[in-house]
Amino acid sequence: MNLSHEEEDHSLSLSKFESMLKTNKVFFFDSEEFEDIILHYLDSGKINLAKKALKLGLEQHPRSTGLKLVQVEILVFDDKLEIAERLLNELYAIEPTNEEIYIQKANIYSKRDDHEKAVELLQIALKYTDDFADVYSLIGMEYLFMDNLELARDNFIKCLEEDTEDHSALYNVVYCFDFLDQNLEAIEFLNGFIDKNPYSEVAWHQLGRQYYAIKDYTGALRAFDYATLIDDSFLGAFLERAKTLERLKRYEDAIECYNITMELDDPTSYALLRVGKCHERLGNHEKALKFYLRTVHEDPLLDKAWIAITDFYIRRKNYQKALYYVNKANGIDNENKLYWKRYAIINKALGFHEESEEGYRKAVEFGDYQLDTWLFWTDSLITLGEYDTAIITLLQACEYFPEEYEIEYRLAGLYFTQQESDKAIFHLSNGLRLNYKNNTLIEEFFPSVWYSDVVQDAIAKHKKKK
């Protein structure tokens, strides 16, 4: 790799400085060299070395405004805001048109959560700066802190107008559009940006994400295709392209694309899982299972992979193996309503009614309020003879489904079983009113109740009214 002349000078300055530290000899550097050295250490997170370089720099160049501004930056980093502010005021008296003074003052106000004042100072910095892109980006960040997404977006756009290569600003513009739920506006902006910068792989990638969000998968695929053609090592674009191909039901192409991501980097559990899903949809069941097992080997804590294997065996009615794998998923995330529901379904199929009841109960406990979950839970309780609990459960379900015949018929049967005739007749009447033709639900769950005179009379009377 060939270094530019500037990079070579920078590298030599660093080597010379580090050699000086090791030998305790004092070498001379000009103030700009010191600034570069200090900023290099700050960017690398080597704060102590940055402070050493600053101390030596100020000893050699005590009047350097540049070094003093770097000193301000370090003071702000250390939360010594008052000292930093005093130093900035001194510098302002000497160089009132130095934009960096306003930028650092803005940084101090930002640290104090006075973002409006920070923006005011950055607006002044715009009058004196040559680097408009950097200042617009800083203003955009201040508006983000204030949750003013529109003004943040507009300033990041101004930043991009000054520097089309500022990928951070581009990501921030799209973030603002996303936060504002403005996918169509984002697409319009990105298409305009691409017209002027057709080889921006980041813009094509972001355009693809926006098309994907509005379910225009053909548009998304086209955008991701361009992103990967421009940069054939763009891992994120290949991954999004593979997801899009899945949506288009082009599973073989999706597998090929996921394989590219695994060639570009170590196989991720996500890619392995998706390849397994694609193979299963293609009917390649052995290959699907192989990839699911590779996924859990790669990431044993990925509960979604254990669930994928669980579902694989449920579809094949191999409930013993499904139970083993759903227990693995529950062991990782035991507050997931979907996993508990699967646990309940599997145990029901195996005839383990106590475990099935526990599964439905836990599913509801963790937020599954779907009608079928309430009903299956109740049916498990009825099978176990826990009629009082079944009644309480159904009454809870009524709060979510106040006009549901399946609940009413079950309540009627339970109350008849418990010899509470008035309540039973009330719920039977509700059931008949809501859905007469399904009154045989009582026969299904409570055959002894079904043949009682009171039930048959109620059904007959309701039929006459119809």
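Since this is a predicted model, take the numbers as computed values, not measurements.

Reading the values: rules and limits
- Residues numbered from 1 in each chain as written.
- Predicted model: local features only at pLDDT ≥ 70, side-chain atom pairs only at ≥ 80, totals over all residues.
- Heavy atoms only, no water.
- Helix = DSSP H or I, 4+ residues; strand = E, 2+ residues; numbered from the N terminus.
- Rg over C-alpha atoms; globule rule 2.2 N^0.38 Å.
- Buried < 20%, exposed > 50% of the residue type's maximum accessible area, 1.4 Å probe, protein only.
- Contact = heavy atoms within 4.5 Å.
- Areas by Shrake-Rupley, 256 points an atom, 1.4 Å probe, with all protein chains shown as cover.
- Lys, Arg positive; Asp, Glu negative; His and termini not counted.
- Charge placed at Lys NZ, Arg CZ, Asp CG, Glu CD.
- Expected span 1.5 Å × (residues − 1).
- Arc of directions from axis to C-beta.
- Disulfide = S-S within 2.5 Å.
- UniProt positions renumbered as here; feature names shortened; annotations may be inferred.
- Core = buried A, V, L, I, M, F, W, Y, C linked by side-chain atoms within 4.5 Å.
- Axes fitted to C-alpha atoms, helices over the stretch in contact; angles between N-to-C directions.
- Parallel < 35°, antiparallel > 145°, perpendicular 65-115°, else oblique.
- Left-handed = near helix turned anticlockwise from the far one by under 90°.
- Nonpolar A, V, L, I, M, F, W, Y, C, P; charged D, E, K, R; others polar.

Before going further, it helps to spend a moment on the overall build of the protein. When helices and strands are tallied, the protein shows 28 helices and 0 strands. On C-alpha atoms alone, the protein measures out to a radius of gyration of 34 Å, which is more than a quarter above the 23 Å that the 2.2 N^0.38 rule sets for 466 residues. Each of the three principal axes of the protein carries a C-alpha extent, and together these read 105 × 50 × 50 Å. The buried share of the protein, reckoned over its 466 residues, is 46%. Taking the intrachain contacts of the protein between residues at least 6 apart in sequence as the baseline, contacts between residues at least 24 apart amount to 47%. Accessible surface, the protein as shown: approximately 25200 Å² in total, 49% of it carbon and sulfur. Taken as two groups, the 54 positive and 84 negative side-chain charges of the protein have centres that lie 7 Å from each other.

Next up on the list: helix H24 (residues 405–417). Its 13 residues place the ends of H24 18 Å apart at the C-alpha level, agreeing with the 18 Å of an ideal helix rising 1.5 Å per residue. One or two steps after H24, the chain reaches Gln419, where phi turns positive at roughly 65 degrees.

All right, on to the side chain of Thr244 then. With respect to the helices and strands, Thr244 occurs in helix H14 (residues 235–247). What makes Thr244 buried here is its relative accessible area of 0%. What Thr244 contacts, discounting residues up to four positions off in sequence, is Tyr212, Tyr217, Ala220, Leu221 and Phe224.

So, about helix H11 (residues 183–196). Taking 1.5 Å per residue, 14 residues should reach 20 Å; H11 reaches 20 Å between its end C-alpha atoms and fits that length. Taken as a whole, H11 has its buried residues at Asn183, Ala186, Ile187, Phe189, Leu190, Phe193 and Ile194. One side of H11 holds all its buried residues, which, seen down the axis, span an arc of 165 degrees. When the buried face of H11 is taken as reference, the exposed residues oriented beyond 90 degrees from it are Leu184, Glu188, Asp195 and Lys196.

Our focus in this paragraph is the state of the cysteines. What the rule picks out here adds up to 0 disulfides. In this structure Cys176 is not part of a disulfide, and its nearest cysteine sulfur, from Cys159, lies 12 Å away.

Once that is clear, we can look at the UniProt feature "repeat: TPR" (unreviewed entry) in the protein. As recorded in UniProt, the sites labelled "repeat: TPR" (unreviewed entry) are residues 99–132, 133–166, 201–234 and 269–302. Secondary structure across residues 99–132 comprises 82% helix and 0% strand; the distance between its end C-alpha atoms is 11 Å. Helix makes up 79% of residues 133–166 and strand makes up 0%, while its end C-alpha atoms are separated by 8 Å.

If you look at the biggest cluster of nonpolar residues, it comprises 46 residues, and the most contacted ones within it are Leu170, Phe189 and Leu207. Secondary-structure elements contributing two or more residues to this core are helix H6 (99–111), helix H7 (115–128), helix H8 (132–145), helix H9 (149–162), helix H10 (167–179), H11, helix H12 (201–213) and helix H13 (217–230). Counting residues in each nonpolar core, the second largest holds 32 residues, with Leu371, Cys398, Phe416 and Leu441 among its members.

Moving on, we come to the packing of helix H4 (residues 65–77) against helix H5 (residues 81–94). It is at 8 Å that the axes of H4 and H5 come closest, and there the two elements cross at 160 degrees. Comparing their axes, H5 and H4 come out roughly antiparallel. Note on packing geometry: the crossing formed by H4 with H5 is left-handed. Taken together, the residues of H5 that come into contact with H4 (itself represented by Thr65, Lys68, Leu69, Gln71, Val72, Leu75 and Val76) are Leu81, Ile83, Ala84, Leu87, Leu88 and Leu91.

Attention now moves to the packing of helix H16 (residues 269–281) against helix H18 (residues 303–315). Two elements in contact, H16 and H18, have axes whose closest approach is 10 Å; the angle formed by their N-to-C orientations is 15 degrees. Taken together, H16 and H18 sit at an angle that is classed as roughly parallel. Pair H16 / H18 crosses with left-handed handedness. Contact with H16, carried on its side by Leu273, Lys277 and Glu280, involves Lys304, Ala305, Ala308, Phe312 and Arg315 of H18 and no other residues of that element. The class makeup of the residues in the contact of H16 with H18 is 4 nonpolar, no polar and 4 charged.

To continue, consider unusual backbone geometry. Glycine aside, residues mostly have negative phi angles, and peptide bonds mostly take the trans form. The residue Asp181 is not glycine, and still its phi comes out positive at about 55 degrees. Looking at where Asp181 falls in the secondary structure, it is placed in the loop between H10 and H11. The backbone of Lys249 sits at a positive phi, close to 65 degrees, despite the residue not being glycine. Note on placement: Lys249 falls in the loop between H14 and helix H15 (251–264).

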